[in-house]
Amino acid sequence: MHEPRCAVAADLEACLAIWVAACAARDGQAFAGVAERARPKFDAGVVWLVADGVDGVDGFVLATRPGSGLPADPPDAPVLGLLATRPGAQARGLGRALLREATARLGSLGHERAVLHALLDNVAAVGLYESEGWVAAGEPYEHSLLKRPSQRFERVL
C-alpha cells in the first residue's frame, strides 16, 4: 500500500477529488474553479503517479511538460504542478514519497531540472520542498486565483 504507481485515465476523477479536498483543507474553505483549473494539466502530463490506499487513491503527483507553467519558468524545466494527498492520509510521508518518485522519474527521462509553485503560507508544503532540495527562485508573486503570495521553487535533477 502507498507504493507509487503510474496513473491511468481511470484515476483522473479520484485525483481531481483529492486535489479539491486537499486545497479546501489547506485553505479552510473550498474555492470555485479549483477542479476546472487542474483538469487540463493532466493533458500535459509527463509523470503522473498515484498511491493507492485501502479505499482507493490516497494521493497523487503530476508533472507537466516544460513550458506548461508560468512565463518566468525555465523553458526546459517540467513543472511539478499538482501534488496532493487525501486529507485523512496527510502527515504520513505519502507526499514526500510521491515527490521523491516523481523527481527521480523526471531525472530518468533526461530532464536536468524541474520547477514547482507553492503558496508561501503553506508552511508544511514549503518545508517539504526545501527538505527535498527545492530552492526558491525568482521573486514571490500573487497566486492568480487565491491572491496569496506564491513562490517558484527549482530543483536540479
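Our subject is the structure that appears above.
Everything numeric here is computed off the predicted structure, so don't read it as measured data.

Visitor: Break down empty space enclosed by the protein for me, with residues and values.
Guide: One pass over the structure, following the stated rule, counts one cavity of 30 Å³ or more. The calculated volume of the largest cavity comes to roughly 40 Å³. Around the largest cavity sit V20, C23, A24, D27, Q29, A30, F31 and V34, which together line it. Class assignment of the residues belonging to the lining of the largest cavity gives a composition of six nonpolar, one polar and one charged.

Visitor: Describe the layout of surface pockets, listing the residues and the values that go with them.
Guide: Reported here for the largest pocket is a volume of approximately 1,200 Å³. Lining the largest pocket are 46 residues; nearest its centre among them are W19, R26, L83, H117 and Y129. Breaking the lining of the largest pocket down by element, the ones donating at least two residues are α1 (12-27), α2 (34-38), β4 (79-85), α3 (94-108), β5 (113-119), α4 (123-131) and β6 (135-142). The biggest single contributor to the lining of the largest pocket is β4, with seven residues. Its residues placed into classes, the lining of the largest pocket shows 26 nonpolar, 13 polar and seven charged.

Visitor: Lay out the pattern of salt bridges with the relevant residues and their values.
Guide: This structure, assessed with the given rule, holds 13 salt bridges. The closest approach of N and O atoms between E154 and R152, which form a salt bridge, is 3.1 Å. Here E154 and R152 have matching classes, each one buried. Among the ionic contacts, a cluster of salt bridges with common partners joins R26, D27, D121 and R148.

Visitor: Explain α1 residue by residue, including any values.
Guide: The end-to-end C-alpha distance of α1, which contains 16 residues, comes to 22 Å, matching closely the 22 Å that a straight helix rising 1.5 Å per residue would cover. Buried residues of α1: L12, C15, L16, I18, W19, A22, C23 and D27, and no others. The buried residues of α1 occupy one face: seen down the axis, they fall within an arc of 160°. Buried residues along α1 sit against α2, β2 (45-53), β3 (56-64), β4 and β5. Once α1 ends, the next one or two residues include G28, with phi positive near 80°.

Visitor: Report on the packing of aromatic side chains, specifying residues and quantitative values.
Guide: All chains considered together, the criterion is met by four aromatic pairs. Considering the side-chain rings of F42 and F60, the 6.0 Å spacing of their centres and the 35° angle between planes classify their relative orientation as tilted. Residue F42 is found in the loop between α2 and β2, and its partner F60 is found in strand β3; the two are separated by 18 residues along the sequence. Since its relative accessible area comes to 0%, F60 is described here as buried. On the numbers, 6.4 Å between centres and 55° between planes, the contact of Y129 with F153 is tilted. Separated by 24 residues along the polypeptide, Y129 in helix α4 and F153 in strand β7 (residues 149-156) bring together distant segments of the chain.

Visitor: Tell me about the environment of D11, and please be specific about residues and values.
Guide: Tracing the backbone shows D11 in the loop between β1 (5-6) and α1. Overall, the relative accessible area of 7% leaves D11 in the buried class. Sequence separation of D11 and A35 is 24 residues, and the distance between their C-alpha atoms is 14 Å. Filtering out sequence-adjacent residues up to four positions away, D11 remains in contact with R5, W48, V50 and V57.

Definitions and cut-offs
Residues numbered from 1 in each chain as written. Predicted model: local features only at pLDDT ≥ 70, side-chain atom pairs only at ≥ 80, totals over all residues. Heavy atoms only, no water. 1 Å grid on protein atoms, 1.4 Å probe; cavity = no way out; pocket = protein on both sides within 12 Å on 5 of 7 lines; lining within 4 Å. Points joined across faces, edges and corners; volume = space filled by probe spheres on them. Nonpolar A, V, L, I, M, F, W, Y, C, P; charged D, E, K, R; others polar. Helix = DSSP H or I, 4+ residues; strand = E, 2+ residues; numbered from the N terminus. Salt bridge = Lys/Arg side-chain N within 4 Å of Asp/Glu carboxyl O. Buried < 20%, exposed > 50% of the residue type's maximum accessible area, 1.4 Å probe, protein only. Expected span 1.5 Å × (residues − 1). Arc of directions from axis to C-beta. Contact = heavy atoms within 4.5 Å. Phe/Tyr/Trp six-rings, centres within 6.5 Å; stacked < 30°, edge-to-face > 60°.

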